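Here is how the chains run, residue by residue.
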Amino acid sequence: MSGALPNSLPRPAGELQALQRAWEPPVGWRRLSAVNNSQIGLYYLATALLFFVLAGVLALIMRTQLALPGSTLVAAGTYNQLFTMHGSVMMFLFAVPVVEAVAVWLLPNMLGARDLPFPRLSAYAFWAYAIGGLAFFITIFFGASPDGGWFMYPPLTGKDYSPGIGADWWLLGIGFIEISAIAGAIELIIGILFTRAPGMSLMKMPLFAWAVLVAALMVIFAFPALIAGTLLLELERAFDWPFFIAARGGDPLLWQHLFWFFGHPEVYIIFLPAAGMVTMMVPVMARTPLVGYRAIVWALAGVGVISFLLWMHHMFTAGLGPLALHVTSVASFAVAIPSGVQVFAWIATFWKGRVQMLAPSLFLLGFHFVFVLGGLTGVMLAVLPFDWQAHDSYFVVAHLHYVLVGGLVFPLFAGIYYWAPLYNGQRLSERVARWSFALMFGGFNLAFFPMHIAGLAGMPRRVYTYADGLGWTLWNLLSTAGAYLFALGVLLCLVDLVRTLMRPEREPGNPWNADSLEWLPQGDYGVRSIPQIEARAPLWHRPALVQEVVAGRHWLPGTVFGGRETLVTSPVDAQIRHLLRLPGDGWLPFIAAAGTAGFFLLLTLAWIVPAFISGAISLAAMLVWLWDSDRAPLRPMATIGDGVSVPTVARGRASHSWWATWTLLAVDASIFASFAFAHIHVSMALDVCPPPGASLPAGGLWPAGLLLGASALMVWARRCLGRERQGRLRLAVLLAMGAAIGAIALDLGVHLQGGLSPRADAWSATVAALVAWQCFHALVLLVMGGYVLARSWAGRLRVDACATLDNTALMWHGAVAQALAGMALVRWLPAWMGG
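Note on numbering: residues in each chain are counted from 1, in written sequence order. Local features in this predicted model are restricted to residues whose pLDDT is 70 or higher, and side-chain atom pairs enter the listing and the counts only when it is 80 or higher, whereas totals over whole chains, interfaces and linings include all residues. Only heavy atoms go into the side-chain values, all of them from the structure, while hydrogens and water stay out.

A. Quick peek at the side chain of S711. One can find S711 in helix α22 (residues 702–722). By definition in these notes, contact holds between two residues if any of their heavy atoms fall within 4.5 Å. Other than its neighbours up to four places away in sequence, S711 contacts W812, H813 and V816. Secondary structure elements are defined from DSSP: runs of H or I of at least 4 residues count as helices, runs of E of at least 2 residues count as strands, and each element is numbered from the N terminus.

Now the structure itself:
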């Protein structure tokens, strides 16, 4: 910053103390009520690492079982539960949550913000994940765990072949945990786009933020497919709706399409944030600016887009047509290009600089070796004839672990050594780090490289034992020894981490001479003043920035209203828009998360009444926490620098919550699109559509007309608020509620009158699923409309506190659009197909 500082005058006495009081964290057992990212991020990380260790223990049991032929350590059924839980915990409870955890902890400080824009949402996402994940894991101790693999392919996971509740634990538990991941993704997207330090344009943003942004956007469009799939399979198991039963018109491949539309992008959702961590560490450890910043940004975006073309990569042997096979094969080759751009940029940066051979550098170099080898075997598996030979062999197991462990675990442990000083100023032991790296790197390659050979020798995956004399014994024995060495290396690092975190706190400083903002002196409130940014490497560009920020010479050096606050900036060029007042600590997110977890978990046990009571508690907690979130400002403007004042409230498109609602609508639309895909997929497989015994719904355009009227009424309600006509606003909302509910009820009645029978065939089941989704939205609109009315009657719905109505109207229009699309799809698809 070459001009005058935002605050050039000396700061008043007591300003820093007021800031510290506003952000003071709870102590003792009340720490569970914290919502600040500095606490929630650490809870997130600790929980994710716990699941990593637990999944690793399951892996060691499996490797011990496979060390020698004919082993009887565990029975076949137990082994199936072990490998299902290992894969599920690693993928759903460790890999995605740990990258979100790092982002929640680091990003606000890295972006120069005081916190993420929805702290209670972060806390809710964490507690939902922690409570649900632990409940899911302990099923292993009661023999109630799922045993169908982490991919849960029907028909083996249908009621006929999996009659217990193990599959239901997976479907409801994992599906619910994905909701937590989506909540975290929405928080991160809005935080990255709207709470960056002033001047930090998109092309000055840390590459870790770019990587998390792309990955979070991928979560928005990929995870809904899994949620839709789990809902369909659970409906089949609970109510005998035959979505995946071939004898009644269903198709098991439908599950694979939905699952892998989530599953293959998930690999990159895991890898991209880890690659962002690597990109942050490489230039610092090489002591030179990063090579190819813009190229890496485009590479991240390219990986995000191409990854959605790869879901059929896992279905090369499923009997797909030649066009689908060849398109997916080409995409599988193409995704290596943007990934390679990042790798070459890292190598060039190392080559250009003078590498400090310290712990982070060792793990970064190990990551390069392991991940590149995994990428090469991935290119091999993109070759159709080779994939047909290696599919479902241990070669694929080896490839998967080289990509995931190389692409996530080694960067994560590099990050542990690199960012641990931010906690208490203490660095982990370099001596222990070298032993840990040697054991992890050597043990990993000893464990998984022989699996390539065993796979090429014919060893199939998912077997709990094997006969002697097949030529697999040596490779399995080496793999088991390597797994134990790798586990020992992990244990060394984690023990040293705990020891270091328990040491006395001291000023972290900047031990690596890093270039990014998280190394500014931080308190519970983040930075003392929010810096003005003018370069990609702000600490290298302006060494005096540290002293200026600590002295309160930049933006918002104190607290305007005595509470927690941060700045909202524009999404592209990070110009200051308004002051954002943030909520303090409280128990509501914890209660809401526990209630949500209880709803899904109690449903699994078929305890219907307690489940709905738990769900009602969760909904009530959410409504209470939202009640104070849309507050009228104490005054319209706030001074954040010398002679600079900004608005204290934003409306419509200027509001970050408005964009968060759009993001939620994208999730909602993606779930609907998955249901629509299921209907189209089943319909296209029919000789006659609708199938014999089923019929199209009769009825005219009344439901559509009522739905359009409901949207129009919400537009009128917004205009009534602008004119301060509360009575007319309430009338408009009541009429909109009646029109929406009436339209959905009328459409449901038409289907029931036409004899809709979801159990009869898969086509009818997909129609019922679309109608049920509309009914669910009718209930959501009923709750949201009632909430708007309550705020109006309480005098809290005002022109300067209208986010509730704005966001409700958006959800209203989205629900109406989905209902219209669903009605059109059911009625017009058979005509389009010539049925």
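B. Layout of a positive patch on the surface. A cluster of basic residues, R719, R723, R725 and R728, forms a positive patch on the protein surface. Inspection of the secondary structure puts R723 in the loop between α22 and α23 (726–753). Judged by relative accessible area, which is 54%, R723 ranks as exposed. The patches reported here contain residues having more than 30% relative accessible area and no salt bridge. Joining distances are 9 Å for like charges and 5 Å for nonpolar side chains (Val, Leu, Ile, Met, Phe, Trp, Tyr). Surface exposure here means Shrake-Rupley accessible area, sampled with a 1.4 Å probe, where a residue is shielded only by the protein chains that are shown. Whenever Lys or Arg places a side-chain nitrogen within 4 Å of a carboxyl oxygen from Asp or Glu, that contact is recorded as a salt bridge. Neither His nor the chain ends contribute to the count of charged residues, in which Lys and Arg are positive and Asp and Glu negative. For the purpose of locating charges, the reference atoms are NZ of Lys, CZ of Arg, CG of Asp and CD of Glu. Burial status follows relative accessibility: with a 1.4 Å probe on protein chains alone, a residue under 20% of its type maximum counts as buried, one over 50% as exposed, and anything between as partly exposed.

C. Inspection of a negative patch on the surface at higher detail. Together, E24, E505, E507 and D524 line one region of the surface with negative charge. Considering the arrangement of structural elements, one finds E24 in the loop between α1 (15–22) and α2 (37–66). Residue classification places E24 among the exposed residues on the basis of a relative accessible area of 52%.

D. Structural context of the environment of W828. Within the fold, W828 resides in helix α25 (residues 803–833). Considering only alpha carbons, one finds W828 and R63, 765 residues apart in sequence, at a separation of 54 Å.

E. Local environment of the nonpolar core. Residue types Ala, Val, Leu, Ile, Met, Phe, Trp, Tyr and Cys, when buried and joined through side-chain atoms within 4.5 Å, form a set referred to as a nonpolar core. F94, L107, W170, F413 and W419 are the most contacted members of the largest nonpolar core, which totals 245 residues. If you tally residues by element for this core, the top one is helix α3 (residues 76–111), at 23 residues. What F94 contacts, discounting residues up to four positions off in sequence, is A48, F52, V89, L408, V409 and L412.

F. Molecular detail of the pattern of salt bridges. Using the criterion set out here, one finds 14 salt bridges in the structure. A salt bridge links D392 to R461, with the shortest nitrogen-to-oxygen separation between them at 3.8 Å. A residue pair is termed long-range when its members are at least 10 positions apart, and D392 in the loop between α12 (384–390) and α13 (394–419) and R461 in the loop between α15 (430–456) and α16 (473–501) qualify at 69 residues. Overall, D392 belongs to the partly exposed group, its relative accessible area being 30%. According to the relative accessible area criterion, R461 is buried, its value standing at 18%. With a shortest N-O distance of 3.6 Å, R427 and E430 are connected by a salt bridge. With relative accessibility at 29%, the residue R427 sits in the partly exposed group. Linked through salt bridges whose partners overlap, the residues forming this network are R11, E15 and R528.

G. How the structure looks around the packing of α3 against helix α7 (residues 252–286). At their nearest, the axes of α3 and α7 sit 10 Å apart, and the two run at 35° to each other. Note that α3 runs across α7; the crossing there is left-handed. For the pair α3 and α7, contact is made by M91, F92, A95, V96, V99, V102 and M110 and by F262, E266, I269, I270, P273, M277 and M280, respectively. Residue classes in the contact of α3 with α7 are distributed as 13 nonpolar, no polar and one charged. In this analysis an axis means a line fitted to C-alpha atoms, helices contributing only their contacting stretch, and an angle means the value between N-to-C directions, from 0 to 180 degrees. Crossings are sorted by hand: turned counterclockwise from the far helix by less than a right angle, the near helix makes the crossing left-handed, and turned clockwise it makes it right-handed. Under the convention adopted here, Pro, Cys and the residues Ala, Val, Leu, Ile, Met, Phe, Trp and Tyr are nonpolar, Asp, Glu, Lys and Arg are charged, and Gly plus all remaining residues are polar.

H. How the structure looks around the packing of aromatic side chains. For Phe, Tyr and Trp, rings pair up if their centres lie within 6.5 Å, where Trp contributes its six-membered ring, and each pair is then called stacked (planes under 30 degrees apart), edge-to-face (over 60) or tilted (otherwise). Going through the model one piece at a time under the given rule, you end up with 58 aromatic pairs. Aromatic pair F363 and F410: ring centres 6.2 Å apart, planes at 40°, arrangement tilted. On the criterion of sequence distance, the pair formed by F363 in helix α11 (residues 359–381) and F410 in helix α13 is long-range, its members being 47 residues apart. There is no split in this pair, since F363 and F410 are both buried. Between Y418 and W419 the ring centres are 4.8 Å apart and the planes differ by 90°, which places this aromatic pair in the edge-to-face class. Charge-over-ring placement is defined geometrically: NZ (Lys) or CZ (Arg) within 6 Å of the ring centre, and within 35 degrees of the ring normal. A cation sits over an aromatic face here: R536 above Y293, 4.0 Å from the ring centre.

I. How the structure looks around helix α24 (residues 762–793). Counted at 1.5 Å a residue, the expected span for α24 with its 32 residues is 46 Å, and the 46 Å between its end C-alpha atoms agrees. The distance from a side-chain oxygen at the start of α24 to the backbone nitrogen of W763 is 3.1 Å, and the residue carrying that oxygen is D761. What a helix is expected to span follows from its residue count: subtract one and scale by 1.5 Å. Identification of polar contacts relies on pairs of N or O atoms within 3.5 Å, with a donor-acceptor requirement for protein atoms, meaning one able to donate a hydrogen and the other able to accept it, and with residues adjacent in sequence counted only if both atoms are side-chain atoms.

J. Layout of the state of the cysteines. For this text, the term disulfide refers to a pair of cysteine sulfurs within 2.5 Å. Tallied over the entire structure, the rule returns zero disulfides. In this structure C802 is not part of a disulfide, and its nearest cysteine sulfur, from C720, lies 14 Å away. Judged by its relative accessible area of 3%, C802 falls in the buried class.

K. Structural detail: unusual backbone geometry. Along the chain, P154 connects to P155 via a cis peptide bond; the corresponding omega equals 5°. One non-glycine residue, A574, lies in the positive phi region at around 60°. Note that A574 resides in the loop between β1 (564–569) and β2 (576–582). With relative accessibility at 1%, the residue A574 sits in the buried group. The phi dihedral of E724 is positive, around 60°, even though this residue is not glycine. The residue E724 is located in the loop between α22 and α23 in this model. Assessed through its relative accessible area of 64%, E724 is described here as exposed.

L. Spotlight on the packing of α7 against helix α10 (residues 336–352). Relative to each other, α7 and α10 sit at 15°, their axes nearing to 9 Å. With respect to α10, the axis of α7 lies roughly parallel. Every pair of crossing elements has a handedness; the one defined by α7 and α10 is left-handed. In contact with F271, L272, A275, V278, T279, V282, P283 and A286 of α7, α10 contributes Q342, W346, T349 and F350. When grouped by side-chain class, the residues that make up the contact of α7 with α10 number nine nonpolar, three polar and no charged. Throughout this description, any angle smaller than 35 degrees is read as roughly parallel, any larger than 145 degrees as roughly antiparallel, any in the 65 to 115 degree range as roughly perpendicular, and the remainder as oblique.

M. View of the environment of G87. As for its placement among the helices and strands, G87 is situated in helix α3. A relative accessible area of 10% places G87 in the buried class. In this structure, the C-alpha to C-alpha distance between G87 and W150, residues 63 residues apart in sequence, is 5.3 Å.

N. Representation of the environment of G14. The topology assignment puts G14 in the segment before α1. We classify G14 as partly exposed; its relative accessible area is 35%. Taking the C-alpha atoms as reference, G14 lies 42 Å from Y293; in sequence the two are 279 residues apart.

O. Main features of a nonpolar patch on the surface. Taken together, the side chains of W29, L32, W587, I591, V609, I613 and I617 define a hydrophobic patch exposed on the protein surface, amounting to about 700 Å² of accessible area. Within the secondary structure layout, W587 lies in the loop between β2 and α19 (588–604).

P. Spatial organisation of the pairing of strand β3 (residues 637–641). In this analysis, strands are considered paired if DSSP registers two or more bridges between them. The pairing of β3 with strand β4 (residues 644–647) spans four bridges and is classified as antiparallel. Paired with T639 across the two strands is S645, which belongs to β4. Hairpin geometry of β3 and β4 is characterised by an intervening segment of two residues between the two adjacent antiparallel strands and by a positive phi of about 70° at G643.

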